[in-house]
Amino acid sequence: MPLERRSASVSEDPSLREVAAEIRTAVGQAVRSISAIEFAIVYLAVPGILTGLYLLPGTDAWSLSLGAESLLSNRWTLWTAFASSYVHTHPGHLLNNVAAYLMVMGVAYPLSVLAGWRRRLPSIAVCCLFVVPFASAWTSLVTLGAITDVPSSGFSDVNAGFLGYLLVVWFAAAERLTAGAVDRRLAFVAAPASVGAVLAAPETVAYFPPLRGVAAACLAFAAVIAVVLVRAGAVPRRVALDPVPEFVLVVGASVLLAGLLGSMVIVPMGSNAWAHLAGYVVGLAVSLALVGLSGSCSDPISP
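This one's a predicted model, so the numbers in the text were calculated from it and none came from an experiment.

J.: Talk me through the overall build of the chain; I want residue IDs and the actual numbers.
T.: Secondary structure assignment for the chain yields 11 helices and 2 strands. A separation of at least 24 residues holds for 82% of the contacts in the chain among residues at least 6 apart in sequence. When the accessible surface of the chain is summed, it comes to about 14,800 Å², and 68% of that surface belongs to carbon and sulfur atoms.

In structure tokens:
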């Protein structure tokens, strides 16, 4: 996969057909570079587990009751706090979450390779798969438990955790692809800013109202971090990229934006946006912890 910046001596931009051909070639090379085992783990394991659990009789009882007093009320509540993230109520619910997972990981994994974070993705996955369910269950009980006792289930909170990782790894990849023109530490600005934007968005469902005070605090914190980073020299510079890395970054940013809008801004009735927010924040927090380490144990750019 070519990652060099375009030569300044090139006077004409490539045609759309040439760019498309270059992207197709790079995608084909990238797919062939992934071992069958790695491909299965990244793209088939989660959909397979979710589908298998959906087909397993009796798993619909694993939904978390929002009428529970706390996660520690009893062993069954604690179990459903975790297991509810892996069960679905109907085929459309399952397909939606599987598609969302494949969409996010379809860009998060390539960006991990480009960022040199390939060996770190398993740690992020473990956190999203095993920590996010409890965090989202606790958040759901605190925010929704007082107004409803309906069951809650679905993998969307874990998908939101991977979405948080996507934001952070995007900056890590951008730093390497632009030779430092985009500083990975800017993720510390984008993360609280994205949370603030979500919490300030107009209300679409009554049970997920705007929290403008918290939103203002998040945005103010992001502004302070931005000032500190600018003074430290982390000012983005405009660079010309080859079509392939530019395409990956644009697609990654587009998926991130679509994921935020679809899970926490334009919220359909019945969707547990509080669980999504909890998962997203956990994914951000764990991923940001890697930013300061990425210079010391990154993988090579090419797989």
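On we go from here.
J.: Explain helix α9 (residues 212-231) to me, using residue names and the numbers behind them.
T.: In a regular helix each residue adds 1.5 Å, so 20 residues correspond to 28 Å; α9 covers 28 Å between its end C-alpha atoms and thus fits that length. Here α9 has its buried residues at A215, C218, A222 and L229. Buried residues of α9 fall within an arc of 65 degrees about the axis and therefore sit on the same side. Facing away from the buried surface of α9 by more than 90 degrees, the exposed residues are R212, G213 and R231. Taken together, the buried residues of α9 touch α8 (187-200). Phi turns positive, to about 95 degrees, at G233, one or two residues after α9.

J.: Talk me through a nonpolar patch on the surface; I want residue IDs and the actual numbers.
T.: A cluster of nonpolar side chains, namely L72, L78 and F134, defines an oily patch on the protein surface of about 290 Å² accessible area. One can find F134 in helix α6 (residues 132-144).

J.: Which residues make up the pattern of salt bridges, and what are the values?
T.: Considering all chains together, one arrives at 3 salt bridges under this definition. Linking E175 and R184 is a salt bridge whose minimum nitrogen-to-oxygen distance equals 2.7 Å. E175 gets classed as buried once you look at its relative accessible area, which sits at 17%. Overall, R184 belongs to the buried group, its relative accessible area being 18%.

J.: Tell me about the confidence of the model for the chain, and please be specific about residues and values.
T.: Confidence in the prediction of the chain, expressed as mean pLDDT, is 88, and 87% of residues score 70 or more. Counted against residues more than four places away or in other chains, residues 1-11, with its pLDDT under 50, gives 27 contacts.

J.: Kindly report on the state of the cysteines, identifying the contributing residues and their values.
T.: As used in these notes, a disulfide is a covalent bond between sulfur atoms, one from each of two cysteines. The final tally for this structure, using the stated rule, is 0 disulfides. Counting only cysteine sulfurs, C128 is the nearest neighbor of C127, a cysteine outside any disulfide, at a range of 5.5 Å.

J.: Any details on the packing of aromatic side chains? Residues and values, ideally.
T.: For the structure on display, the rule yields 13 aromatic pairs. Residues W170 and F171 carry aromatic rings whose centres are separated by 5.1 Å and whose planes lie at 75 degrees to one another, so their mutual orientation is edge-to-face.

J.: An account of the nonpolar core is requested, with residue identities and associated values reported.
T.: Core analysis: the largest hydrophobic core is formed by 87 residues, its most contacted members being W117, L166, L167, F208 and Y280. Ranked by residue count, the leading element in this core is helix α7 (residues 156-177), at 15 residues. Apart from the residues within four sequence positions on either side, F208 is in contact with V198, E203, M264, V267, A273, W274 and L277.

J.: How would you sum up the packing of α6 against helix α11 (residues 273-291)? Please name residues and give values.
T.: Running from N to C, α6 and α11 cross one another at 140 degrees; their axes reach a closest spacing of 8 Å. Of the possible angle classes, the one that applies to α6 and α11 is oblique. You can see that α6 and α11 cross each other, and the crossing is right-handed. Taking contact as the criterion, the partners of V132, A135, S136, T139, S140, T143 and L144 in α6 are, on α11, W274, A275, A278, G279 and V282.

J.: Hey, could you go over unusual backbone geometry for me, with residue numbers and the actual values?
T.: Its identity is not glycine, yet A179 carries a phi of approximately 55 degrees, on the positive side. Relative to the helices and strands, A179 resides in the loop between α7 and α8. Assessed through its relative accessible area of 52%, A179 is described here as exposed.

J.: Residues and numbers for the side chain of T59, please.
T.: Here T59 shows up in the loop between α2 (36-55) and β1 (64-65). At 2.7 Å, the side chain of T59 and the backbone oxygen of L53 are in polar contact. If we ignore the near neighbours within four places in the chain, the residues touching T59 are L53, Y54 and V87.

J.: Explain α7 residue by residue, including any values.
T.: The terminal C-alpha atoms of α7 lie 30 Å apart, and with 22 residues this matches the ideal 32 Å at 1.5 Å per residue to within 8%. Among the 22 residues of α7, 20 are classified as buried, and the element is accordingly described as predominantly covered. Looking one or two places after α7, you find A179, whose phi comes out positive at around 55 degrees.

J.: Talk me through the environment of E38; I want residue IDs and the actual numbers.
T.: As for its placement among the helices and strands, E38 is situated in helix α2. Excluding residues within four positions of it along the chain, E38 makes contact with Y109 and R118. Here R118 takes part through its side chain, which lies 2.9 Å from a polar atom of the side chain of E38.

Quick notes on the rules
- Residues numbered from 1 in each chain as written.
- Predicted model: local features only at pLDDT ≥ 70, side-chain atom pairs only at ≥ 80, totals over all residues.
- Heavy atoms only, no water.
- Helix = DSSP H or I, 4+ residues; strand = E, 2+ residues; numbered from the N terminus.
- Contact = heavy atoms within 4.5 Å.
- Areas by Shrake-Rupley, 256 points an atom, 1.4 Å probe, with all protein chains shown as cover.
- Expected span 1.5 Å × (residues − 1).
- Buried < 20%, exposed > 50% of the residue type's maximum accessible area, 1.4 Å probe, protein only.
- Arc of directions from axis to C-beta.
- Patch = residues over 30% accessible without salt bridge, like charges linked within 9 Å, V, L, I, M, F, W, Y side chains within 5 Å.
- Salt bridge = Lys/Arg side-chain N within 4 Å of Asp/Glu carboxyl O.
- pLDDT = per-residue confidence, 0-100.
- Disulfide = S-S within 2.5 Å.
- Phe/Tyr/Trp six-rings, centres within 6.5 Å; stacked < 30°, edge-to-face > 60°.
- Core = buried A, V, L, I, M, F, W, Y, C linked by side-chain atoms within 4.5 Å.
- Axes fitted to C-alpha atoms, helices over the stretch in contact; angles between N-to-C directions.
- Parallel < 35°, antiparallel > 145°, perpendicular 65-115°, else oblique.
- Left-handed = near helix turned anticlockwise from the far one by under 90°.
- Polar contact = N/O pair within 3.5 Å; in protein donor to acceptor, adjacent residues only side chain to side chain.

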